[in-house]
Amino acid sequence: MIALDEVDSTNSFLRHLDTSGDQRLTLATAEFQSAGRGAGTNRWESARGENLLFSLHMMPGNLPVRRMFAISEVTALALKESFDSFSLPLQGRGGLSAAAPFTPPLEEEGETTIKWPNDIYFEDSKVAGMLIENDLQGALVQRSIIGIGINVNQRRFVSDAPNPRSLADIVGHDVDRRLVLERFMERFMNYMPTLDASKLDALDALHNRYKSCLYRFGEEHEFVDEMGVFCARIIDVEQSGHLVLQDKAGSLRRYEFKEVKFRI
Ligand code: BTN
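Source: prediction; values computed, not measured.

*Asks:* I tried to follow the overall build of the protein chain on my own but got confused; where do I start?
*Replies:* On a plain count of helices and strands, the protein chain comes out with five helices and 12 strands. Relative to the 2.2 N^0.38 estimate, which gives 18 Å for 264 residues, the radius of gyration of the protein chain is 18 Å and therefore close to what a compact globule would have. Projecting the C-alpha coordinates of the protein chain onto the three principal axes gives extents of approximately 55 × 50 × 35 Å. Split into buried and exposed, the 264 residues of the protein chain put 50% on the buried side. Counting only contacts in the protein chain whose residues sit at least 6 apart along the sequence, the fraction spanning at least 24 positions is 64%. Summing over all exposed atoms, the protein chain offers an accessible surface of approximately 12600 Å²; the carbon and sulfur share of this is 49%.

Shown next, in the form of structure tokens:
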């Protein structure tokens, strides 16, 4: 584990660190990123010392490129489960019903969802995002740098990031960043052995679990693609990570990341 005060981007830092052939998991955290990167060409906003900014370097060993979306699934599920262990208040009630952190989650409490492909949402707001950069070697994923930004204690966001919200705003009090990271790492490491082609059943189970946690799954909502706005429901996410929508006319539409947007 490498704890940095300031860096351009923890993803870029790990990319340039000499970890060649290192099978261990390396974690780099930062208090502040001067050039934090979001998905695509976006930047990632995070006030100094208020949130969690970190990247993991790992070499999955035996994960075929055609199943590399499983890295997103593992990371998203580990984030979702760690957040849900915080006893989030009931959906719709806002962030004022302060629940004590780290009490066991109750059934009637709110849950986070995974907004395809890999944002973590509470209600209609984004709590965490990830930027995964994979290096491929032949048909296998040689290494993966998984960058994660979690909105923990920041209350005001100034960039045009879509719908940001922090855990603190949801539960109504500041949250211990260390505990959030610990809880995430515990779950992530539990899931890691599933990233192995020799365990196809585990990969399939992971995929089904991911799908069962999706934001707006099966509900009719508006989406936007290059042709414009349309109404559709999510009916599937393929193992490759493609999103499958069914529009009102009954036609299936299949998208790669960035080819379609949710209207929220
Ligand atoms: C997104 O949802 O747009 C992805 C956000 C990923 C942000 C994290 S913060 C730590 C790591 N370093 C970066 O430069 N980006 C990721």
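*Asks:* How do you make sense of the side chain of D119 when you look at a structure like this?
*Replies:* Looking at the secondary structure, you find D119 in strand β5 (residues 119–122). Taking the relative accessible area as the measure of exposure, D119 reaches 12% and is therefore buried. There is a polar contact of 3.0 Å between the side chain of D119 and the side chain of K126. For D119, the contacting residues outside a window of four places in its chain are T113, I114, K126, A128 and G129.

*Asks:* For this particular structure, what's the right way to read unusual backbone geometry?
*Replies:* The linkage connecting W116 with the following residue, P117, adopts the cis geometry, with an omega of 0°. For P117, the location among the structural elements is in the loop between β4 (112–115) and β5. Non-glycine residue R216 carries a positive phi angle of around 60°. Judged by relative accessible area, R216 falls into the buried class, the value being 12%. A positive phi is found at K258, a non-glycine position, where the angle reads about 80°. Looking at where K258 falls in the secondary structure, it is placed in the loop between β11 (252–255) and β12 (261–262).

*Asks:* Sorry, what's going on with the sheet that holds β4 here?
*Replies:* Where strands meet in a sheet, backbone hydrogen bonds hold them as pairs that are either parallel or antiparallel. The mixed open sheet is built from seven strands, whose spatial order is β1-β2-β3-β7-β6-β5-β4. Among the strands making up the open sheet, the edge pair consists of β1 (2–7) and β4. Put simply, the sheet's adjacent strands are angled 25° from each other on average, direction ignored. The pairing of strand β3 (residues 52–58) with strand β7 (residues 140–150) spans seven bridges and is antiparallel. Bridge assignment links F54 to a residue of β7, and that residue is I148. Sheet strands touched by helix α2 (residues 69–84): β3, β4, β5, β6 (125–137) and β7. Its angle to β6, the strand with the most contacts, is close to 150°. Lying on the sheet, helix α4 (residues 177–191) is in contact with β2 (26–33), β3 and β7; it crosses β3 at an angle near 25°.

*Asks:* Which parts of the structure should I look at to understand the packing of α2 against α4?
*Replies:* Angle between the axes and distance between the axes: these two values describe a pair of packed helices. The interhelical angle for the contact between α2 and α4, taken along N-to-C directions, is 135°, at an axis separation of 8 Å. In terms of axis orientation, α2 runs oblique to α4. Between α2 and α4 lies a crossing whose hand is right-handed. Two secondary-structure elements touch here, α2 through V74, T75, L77, A78, L79, E81, S82 and F83 and α4 through V180, R183, F184, R187, F188 and Y191. Across the contact of α2 with α4, the residue classes break down as nine nonpolar, two polar and three charged.

*Asks:* Can you walk me through the packing of aromatic side chains in this structure?
*Replies:* Enumeration according to the criterion identifies nine aromatic pairs in this entry. Note on Y121 and Y215: the rings are 4.9 Å apart at their centroids and 45° apart in plane angle, and the pair reads as tilted. Pair noted here: Y121 is in strand β5 and Y215 is in the loop between α5 (200–212) and β8 (220–225), with a separation of 94 residues, a long-range link. Each member of the pair Y121 and Y215 is classed as buried. An angle of 35° between the planes, with centres 5.6 Å apart, marks the rings of F184 and F188 as tilted. Residue F184 and its partner F188 are located together in helix α4, separated by four residues, close to a single helical turn. Given the relative accessible area of 0%, F184 is considered buried. The class of F188 is buried, set by a relative accessible area of 0%. Linked through ring pairs, Y121, Y215, F223, F230, Y255 and F262 together constitute an aromatic cluster. Residue placement shows R253 over the ring face of F230; its charged tip is 3.9 Å from the ring centre.

Analysis parameters
- Residues numbered from 1 in each chain as written.
- Predicted model: local features only at pLDDT ≥ 70, side-chain atom pairs only at ≥ 80, totals over all residues.
- Heavy atoms only, no water.
- Helix = DSSP H or I, 4+ residues; strand = E, 2+ residues; numbered from the N terminus.
- Rg over C-alpha atoms; globule rule 2.2 N^0.38 Å.
- Buried < 20%, exposed > 50% of the residue type's maximum accessible area, 1.4 Å probe, protein only.
- Contact = heavy atoms within 4.5 Å.
- Areas by Shrake-Rupley, 256 points an atom, 1.4 Å probe, with all protein chains shown as cover.
- Polar contact = N/O pair within 3.5 Å; in protein donor to acceptor, adjacent residues only side chain to side chain.
- Pairing = 2+ DSSP bridges.
- Axes fitted to C-alpha atoms, helices over the stretch in contact; angles between N-to-C directions.
- Parallel < 35°, antiparallel > 145°, perpendicular 65-115°, else oblique.
- Left-handed = near helix turned anticlockwise from the far one by under 90°.
- Nonpolar A, V, L, I, M, F, W, Y, C, P; charged D, E, K, R; others polar.
- Phe/Tyr/Trp six-rings, centres within 6.5 Å; stacked < 30°, edge-to-face > 60°.
- Lys NZ or Arg CZ within 6 Å of the ring centre and 35° of its normal.

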